[in-house]
Amino acid sequence: MDNMTWHDKAEALSFRTQAFINGEFVNSASGDTFEIINPATGHSLAHVARCSEQDVNSAVEAARAAFESRVWSGLAPSERKAILLNYAKLIDEHKEDFALLESLDMGKPISDAMGYDAPATARCIQWNAEAIDKVYDEVAPVTEDALALVTREALGVVAAIVPWNFPTVMAAWKIGPALATGNSVIVKPSEKSPLTAILLADLAKQAGIPAGVFQVLPGFGHEAGQALALHNDVDCITFTGSTAVGKKLLSFAGESNLKRAFMECGGKSPHIVHYDVKDIEKAAATAASAICYNQGEVCTAGSRLLVHSSIKDEFVALLLKYMENWQPNDPLLENTRVGAIVDAAQYERVLSYIDIGKNEGATLAFGGQPTMTQTDGYFIQPAVFTDVTSDMRIFQEEIFGPVLCVTTFDSIEEAITLANDSDYGLAAGIWTSDISTAVRCSRALRAGTVFVNNWDGGDMTMPFGGYKQSGNGRDKSLHALHKYTEMKSTWIELD
Ligand code: NAD
């Protein structure tokens, strides 16, 4: 088994394609399916249940019944913890299956899926499980004549609508805290990458999570997603995806039952390199990985590189040297660092932005060409534009692909102005050897996460989310648990 290649393992892999409603794998009520294409080969991978309003109604009904029965919400936190730890263990045991499905479904390099996505999913469920019997409620400091309690209770039915770039991890960031706090959870994976969510359902059942408490509805956003967001018996919609769809979901929440609505949306993150950067080689290597990792399909991609003008020539030369290490290749080869773009639409979108950049007058200094076209897959050589100005669309709009815009600045104040000149505020970074510059700059950057002398550092213990149009909630850490609970004040008058 161990000397099998990932291609052999992919050949041998069997997986489910049905929806998971009320503890059973079922076809969509209409019987409709949609086709999944492997973006590395252009070949059909599977036909998956295409859920719509009727399936949403069944799942919400089952979720509500499970919640009301208290079969899950009524368990002691330590009992939910035990089941969720079992779930995390099963996920860990199936990490190769998760990694393969992720890679086949959305073009991610297998080594990234094995190295990050699969273990991060298990870790997220485990971390939330371990946390839940360690968080306390409050007793308010009031008069001697009363006992005033501030307690948190599960919301009820939580619908999680998630994207395709880190399909399992983004789902886990919602499922972990929402299940730990006692909710019933319905996941609507992206239509571009539904397979790992279905595997999550399979393992949830094996782990002992009761019927109706965890369900998965594969399908399209404007069908299953919209029906969930408009449903009057869904208590919370928790979303990761584009800002445009996030805005729609907020209005669906308002049009329906004012369900809690948490949005984790897009980004166009500024990556500042000051002239006093201590390790310029490391910064250049990191600037390359910050735009190439996961094909640039990362909400926190360091897509706007702001370099002090005095080091621009040296830095860009180093950057282009490190970009050479990020050549696309077959995602199932162990040493591939850049895989395929998720699908034809995204491939065309990225290429069209490369044309826009050229037409706007930016200089294409590296890459930007379709490559490996003989495979029928969607491969693009990562691109670097220099001479980019802040009024250009490629500087302002999220491309969600491997396209880096390089701009210069002359003072740190100018760098901060450029960095904050964005509708987004997800992440930002600064390389400097001066601690005061680092701290003052990180305070001034309007972003949910600031990286100092690194890019993409993080941990389950750290909240993750955006300022401005990058969103309104936080995933990860104990703060995420609050999203999935209501706060209750109880005033007990004493005799
Ligand atoms: P998307 O907004 O197109 O889709 C996300 C999900 O929303 C999918 O499941 C989709 O089916 C669903 N959806 C689409 N239209 C809908 C509708 N009308 N009603 C209900 N649901 C609908 O985003 P995407 O292309 O899958 O993902 C890329 C985006 O996600 C990027 O903007 C990226 O920055 C963002 N992202 C953000 C974070 C974060 O934590 N902030 C993390 C990862 C990705």
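Residues numbered from 1 in each chain as written. Predicted model: local features only at pLDDT ≥ 70, side-chain atom pairs only at ≥ 80, totals over all residues. Heavy atoms only, no water.

Would you explain the UniProt feature "domain: Aldehyde dehydrogenase" (unreviewed entry) in the chain in this entry?
Sequence positions flagged by UniProt for "domain: Aldehyde dehydrogenase" (unreviewed entry) are, in local numbering, residues 25–489. Structurally, residues 25–489 comprises 41% helix and 20% strand, and the distance from its first C-alpha atom to its last is 40 Å. (UniProt positions renumbered as here; feature names shortened; annotations may be inferred. Helix = DSSP H or I, 4+ residues; strand = E, 2+ residues; numbered from the N terminus.)

Please explain helix α10 (residues 280–292) as it appears in this structure.
When the terminal C-alpha atoms of α10 are compared, their 18 Å separation across 13 residues agrees well with the 18 Å that a helix rising 1.5 Å per residue should span. Every buried residue of α10 is accounted for by Ile280, Ala283, Ala284, Thr286, Ala287, Ala288, Ala290, Ile291 and Cys292. On the buried face of α10, the contacting elements are β12 (270–273), β13 (304–308), α11 (312–323), β18 (403–409) and β20 (427–431). Directly after α10, the chain includes Asn294, whose backbone phi takes a positive value near 55°. (Expected span 1.5 Å × (residues − 1). Buried < 20%, exposed > 50% of the residue type's maximum accessible area, 1.4 Å probe, protein only. Contact = heavy atoms within 4.5 Å.)

Help me understand the UniProt feature "active site" (unreviewed entry) in the chain, please; the structure alone is not making it clear to me.
Within the UniProt annotation, "active site" (unreviewed entry) is assigned to Glu264. Looking at the secondary structure, you find Glu264 in strand β11 (residues 260–264). Looking at Glu264, the relative accessible area reads 5%, which means it is buried. In contact with Glu264, not counting residues within four places along its chain, are Lys174, Phe239, Thr240, Gly241, Phe464, Gly465, Gly466, Ser470, Gly473, Arg474, Asp475 and Lys483.

Teacher, can you tell me more about the pairing of β18 here?
The side chains of a regular strand alternate between both faces of the sheet. Within β18, six of the seven residues are buried, leaving the element largely enclosed by the surrounding structure. Across five bridges, β13 lies against β18 in parallel orientation. When the bridges of β18 are listed, Val307 appears paired with Thr408. Examined bridge by bridge, strand β17 (residues 383–386) and β18 share three bridges and lie parallel to one another. (Pairing = 2+ DSSP bridges.)

Looking at this structure, I do not really get the environment of Asn128. What am I missing?
Structurally, Asn128 can be placed in helix α5 (residues 110–132). With a relative accessible area of 1%, Asn128 lands in the buried category. When the C-alpha atoms of Asn128 and Val213 are compared, they prove to be 16 Å apart, with 85 residues separating the residues in sequence. Beyond its immediate stretch of four places on either side in the chain, Asn128 contacts Gly176, Pro177, Ala180, Met460 and Leu481.

Honestly, the domain arrangement of the chain in this entry has me stumped. Any pointers?
Interfaces are often sized by the accessible area lost when the parts come together. According to the domain assignment, the chain consists of domain 1 (6–265 + 475–490) and domain 2 (270–447). Computed over C-alpha atoms, the centres of domain 1 and domain 2 are 31 Å apart. Every contact between the two is made by 24 residues of domain 1 and, on the other side, 28 residues of domain 2. Contact between domain 1 and domain 2 buries roughly 2100 Å² in total, counting both sides, with carbon and sulfur atoms accounting for 57%. (Domains from an automatic or database assignment. Buried area = accessible area lost by both parts, 1.4 Å probe.)

How should a negative patch on the surface be read in this particular structure?
There is a patch of like negative charges on the surface, built from Glu144, Asp145, Glu493 and Asp495. Mapping Glu493 onto the fold places it in strand β23 (residues 485–493). (Patch = residues over 30% accessible without salt bridge, like charges linked within 9 Å, V, L, I, M, F, W, Y side chains within 5 Å. Areas by Shrake-Rupley, 256 points an atom, 1.4 Å probe, with all protein chains shown as cover. Salt bridge = Lys/Arg side-chain N within 4 Å of Asp/Glu carboxyl O. Lys, Arg positive; Asp, Glu negative; His and termini not counted. Charge placed at Lys NZ, Arg CZ, Asp CG, Glu CD.)

Can you walk me through the site of the ligand in this structure?
Close contacts around the ligand come from 30 residues, with Val162, Lys188, Glu191, Ser242 and Glu398 the closest. Between Val162 and the ligand, the recorded distance is 2.8 Å, taken from a backbone N or O atom to an oxygen atom. Between Gly241 and the ligand, the recorded distance is 3.3 Å, taken from a backbone N or O atom to an oxygen atom. Bound to the protein, the ligand loses 91% of the 850 Å² it would expose on its own. Those elements giving two or more residues to the shell around the ligand turn out to be α8 (221–230), β10 (236–240) and α9 (243–255). Counting residues per element, the shell around the ligand draws most heavily on α9, at four residues. Of the residues contributing to the shell around the ligand, the split by class is 15 nonpolar, 10 polar and five charged. For the shell around the ligand, the two domains that each supply at least three residues are domain 1 (6–265 + 475–490) and domain 2 (270–447). (Near = heavy atom within 4 Å. Polar contact = N/O pair within 3.5 Å; in protein donor to acceptor, adjacent residues only side chain to side chain. Nonpolar A, V, L, I, M, F, W, Y, C, P; charged D, E, K, R; others polar.)

I keep staring at the packing of helix α2 (residues 53–69) against α8 and nothing clicks. Help me out?
For any two helices packed against each other, one specifies the inter-axial angle together with the distance between the axes. Packing of α2 against α8 brings their axes to within 8 Å, and their N-to-C directions diverge by 45°. For the element pair α2 / α8, the angle class is oblique. α2 and α8 meet at a crossing whose hand is right-handed. Facing Glu53, Val56 and Val60 of α2, the residues of α8 in contact are Ala224, Ala227 and Leu228. The residue makeup of the contact of α2 with α8, split by class, is five nonpolar, no polar and one charged. (Axes fitted to C-alpha atoms, helices over the stretch in contact; angles between N-to-C directions. Parallel < 35°, antiparallel > 145°, perpendicular 65-115°, else oblique. Left-handed = near helix turned anticlockwise from the far one by under 90°.)

Explain the sheet that holds strand β6 (residues 146–154) to me, please; I cannot follow it from the model alone.
Hydrogen bonds along the backbone pair up the strands of a sheet, which may run parallel or antiparallel. The three strands lie next to each other as β5-β6-β23, forming an open sheet whose pairing is antiparallel. The sheet is open, and its two borders are formed by β5 (138–139) and β23, each paired with just one other strand. The pairing of β5 with β6 spans two bridges and is classified as antiparallel. Of the residues in β6, the one forming a bridge with Glu138 is Val150.

Looking at this model, I keep getting lost on the pattern of salt bridges. Mind explaining?
Where charged atoms from two side chains of opposite charge come close, those side chains can pair. Tallying each qualifying case throughout the model produces 23 salt bridges. Arg260 serves as the salt-bridge partner of Glu486, at 2.8 Å between the closest nitrogen and oxygen. With Glu486 in strand β23 and Arg260 in strand β11, this pair connects stretches of sequence that are 226 residues apart. The exposure class of Arg260 is partly exposed, given its relative accessible area of 34%.

I keep staring at a nonpolar patch on the surface and nothing clicks. Help me out?
A contiguous nonpolar patch, built from Val139, Leu147, Ile492 and Leu494 and spanning about 320 Å² of accessible area, is present on the exposed surface. Mapped onto the fold, Val139 is located in strand β5. Relative accessible area serves as the criterion here: at 57%, Val139 is assigned to the exposed category.

Even after reading the chapter, I still don't get the side chain of Thr386, so can you show me in this structure?
Position of Thr386 relative to the elements: it lies in strand β17. Classification of Thr386 by relative accessible area gives buried; the value is 7%. Residues contacting Thr386, with those up to four places away along its chain left out, are Val316, Ala362, Thr363, Ala365 and Val406.

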